[in-house]
Amino acid sequence: MAFPRSTALEFLRRAYEQNRVAHAYLITGPPGSGKEMLAAEVASLVNGTPAKEVFSAKAREIFVAGPELKSRRISIQQIRELEHALQMRATNSRRKVAIIPDADRLGDAAANAFLKTLEEPPKDSLLLLLSGLPEALPETILSRCITIPLAADTHVHSKKQEEELTKLLQQAARQTGWTVQFAYRLAQQFQQLLRLGREEVKLKTDEAFEQEQLRYKDATDGAWLQDREQYYKELTESLYLERRGALVEALFAWWTDVLRASNDIAVRSMPIAKQETAALARRFSTSEILKRIRSLEELRDQLGRNVHEGLAIEVAFLTIFTA
């Protein structure tokens, strides 16, 4: 299960306070998940260096070994220098921190050399490996790290779209006649929210891929860039499906609130729409509300089976939003 960065940081903070910090963590996640920021925050926690300075020349007892520009690999020489630095005694009771961005770019020799450090970590050291492609790391390294998977930071945008959907539903509740035309129009508005979500996700992943192309186009082969292009395509689809799922769950929350109001239950998932859901509870019987919830369940199942998205939504809305 992937965690928001704030949740992962709190987990590590508690571990630090209880003196249970492991010697090595593998922080994984897609672009925008905050891998570098979490590494900086954890380094700051155990080392005392301000998080904003962790990746700068001001940092003390913090050592970073990222891919070299030309080879696009982390060399064995970099690992040897890092190991030597970690063997030095820390000052002022600081913990020494090694950060390896893009750890999946460890060359074979470098990976083998670093494995020794993982097996026998220097005293008072913390090893932080970052990777968006942990599958490329040797199993011997994976097995010696505690993996912390981070979720993509899509919450803010998803929240905005859920708020827009809530407004649409509030307007729908005030509509006196739920005709076929009305249901169809609402389905179109729902799909527009989905399109906006897909566009936002694609813009973000396209930007991340373009940055990789600009940075590495002259330093790696075409096959690697093709692999990354496919990775970003799959990431775009995955993030979009997360957003679509969040909007469908918002529909469930709405109609569950209507059912609660129908049964005089005070708890609400959407308290901001309490008045509108209560009005629908007076308008429909319990069986009619349950019928709409079951239609939503069918919609969720159909979307999970990759049926035609637009058609499935329109059919469901014609059942849910006609009186």
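In case you missed it, the structure is sitting above this.
To start, this report covers the structure provided alongside it. Computed from a prediction, not measured in an experiment: that's the story for all the values here.

### Concerning the layout of surface pockets
Part 1: Taken as a whole, the second largest pocket holds about 290 Å³ of empty space.
Part 2: Taken together, 14 residues form the lining of the second largest pocket, with Glu162, Glu163, Thr166, Met270 and Ile272 sitting closest to its centre.
Part 3: Elements with a minimum of two residues in the lining of the second largest pocket: helix 6 (155-174) and helix 8 (222-262).
Part 4: For the lining of the second largest pocket, the element with the highest residue contribution is helix 6, accounting for six residues.
Part 5: Considered class by class, the residues forming the lining of the second largest pocket number six nonpolar, three polar and five charged.

### Side note on the side chain of Thr322
Part 1: Mapping Thr322 onto the fold places it in the segment after helix 11 (309-320).
Part 2: In terms of polar contacts, Thr322 uses its side chain to reach the backbone carbonyl oxygen of Leu318, at 2.5 Å.
Part 3: Other than its neighbours up to four places away in sequence, Thr322 contacts Trp178, Thr179, Val180, Ala183, Arg292 and Phe317.

### Brief notes about the packing of helix 1 (residues 5-17) against helix 2 (residues 35-47)
Part 1: The geometry of helix 1 relative to helix 2 is characterised by a closest axis approach of 10 Å and an angle of 20° between their N-to-C directions. The orientation of helix 1 with respect to helix 2, classified from their angle, is roughly parallel. Pair helix 1 / helix 2 crosses with right-handed handedness. Within the contact between the two elements, helix 1 uses Arg5, Ala8, Leu9, Leu12, Arg13 and Tyr16 and helix 2 uses Met37, Leu38, Glu41, Val42, Leu45 and Val46.
Part 2: By residue class, the composition of the contact of helix 1 with helix 2 is nine nonpolar, no polar and three charged.

### A short note on the pattern of salt bridges
Part 1: Overall, the coordinates contain 12 salt bridges when judged by the stated rule.
Part 2: Note that Arg14 and Glu10 form a salt bridge whose closest N and O atoms lie 4.0 Å from each other. Of this pair, Arg14 and Glu10 both sit in helix 1, separated by four residues, roughly a single helical turn.
Part 3: On the basis of relative accessibility, which here comes to 39%, the residue Arg14 falls in the partly exposed class.

### Some remarks on the sheet that holds strand 1 (residues 24-28)
Remark on secondary structure: sheet strands pair via backbone hydrogen bonds, oriented parallel or antiparallel.
Part 1: Reading across from one edge, 2-3-4-1-5 is the order of the five strands in this open sheet, with parallel pairing throughout. With one partner strand each, in any of the chains shown, strand 2 (62-64) and strand 5 (146-149) form the two edges of the open sheet. With strand direction ignored, the average angle separating the axes of adjacent strands in the sheet is 20°.
Part 2: Relative to strand 3 (residues 96-100), helix 3 (residues 76-87) is tilted by about 165°, and along the sheet it contacts strand 2, strand 3 and strand 4 (125-131).

### A look at unusual backbone geometry
Part 1: Positive phi outside glycine occurs at Asn19, with the angle close to 55°.
Part 2: When you line up the elements, Asn19 lands in the loop between helix 1 and strand 1.

### Topic: the packing of aromatic side chains
Part 1: Throughout the structure, instances matching the rule amount to eight aromatic pairs.
Part 2: Taken together, a centroid distance of 5.4 Å and an interplanar angle of 55° make the contact between Trp178 and Phe321 tilted. Of this pair, Trp178 sits in the loop between helix 6 and helix 7 (180-216) while Phe321 sits in the segment after helix 11; the two residues are 143 residues apart in sequence, bridging distant segments of the chain. The pair formed by Trp178 and Phe321 is uniform in burial state, with each residue classed as buried.

### With respect to helix 4 (residues 108-119)
Part 1: Here helix 4 is 12 residues long and its end C-alpha atoms lie 17 Å apart, about the 16 Å a rise of 1.5 Å per residue gives.
Part 2: Looking only at helix 4, the buried set comprises Ala110, Ala111, Ala113, Phe114, Leu115, Thr117 and Leu118.
Part 3: Considering only its buried residues, helix 4 is in contact with strand 1, helix 3, strand 3, strand 4 and helix 5 (139-142).

Parameters and conventions
Residues numbered from 1 in each chain as written. Predicted model: local features only at pLDDT ≥ 70, side-chain atom pairs only at ≥ 80, totals over all residues. Heavy atoms only, no water. 1 Å grid on protein atoms, 1.4 Å probe; cavity = no way out; pocket = protein on both sides within 12 Å on 5 of 7 lines; lining within 4 Å. Points joined across faces, edges and corners; volume = space filled by probe spheres on them. Helix = DSSP H or I, 4+ residues; strand = E, 2+ residues; numbered from the N terminus. Nonpolar A, V, L, I, M, F, W, Y, C, P; charged D, E, K, R; others polar. Polar contact = N/O pair within 3.5 Å; in protein donor to acceptor, adjacent residues only side chain to side chain. Contact = heavy atoms within 4.5 Å. Axes fitted to C-alpha atoms, helices over the stretch in contact; angles between N-to-C directions. Parallel < 35°, antiparallel > 145°, perpendicular 65-115°, else oblique. Left-handed = near helix turned anticlockwise from the far one by under 90°. Salt bridge = Lys/Arg side-chain N within 4 Å of Asp/Glu carboxyl O. Buried < 20%, exposed > 50% of the residue type's maximum accessible area, 1.4 Å probe, protein only. Pairing = 2+ DSSP bridges. Phe/Tyr/Trp six-rings, centres within 6.5 Å; stacked < 30°, edge-to-face > 60°. Expected span 1.5 Å × (residues − 1).

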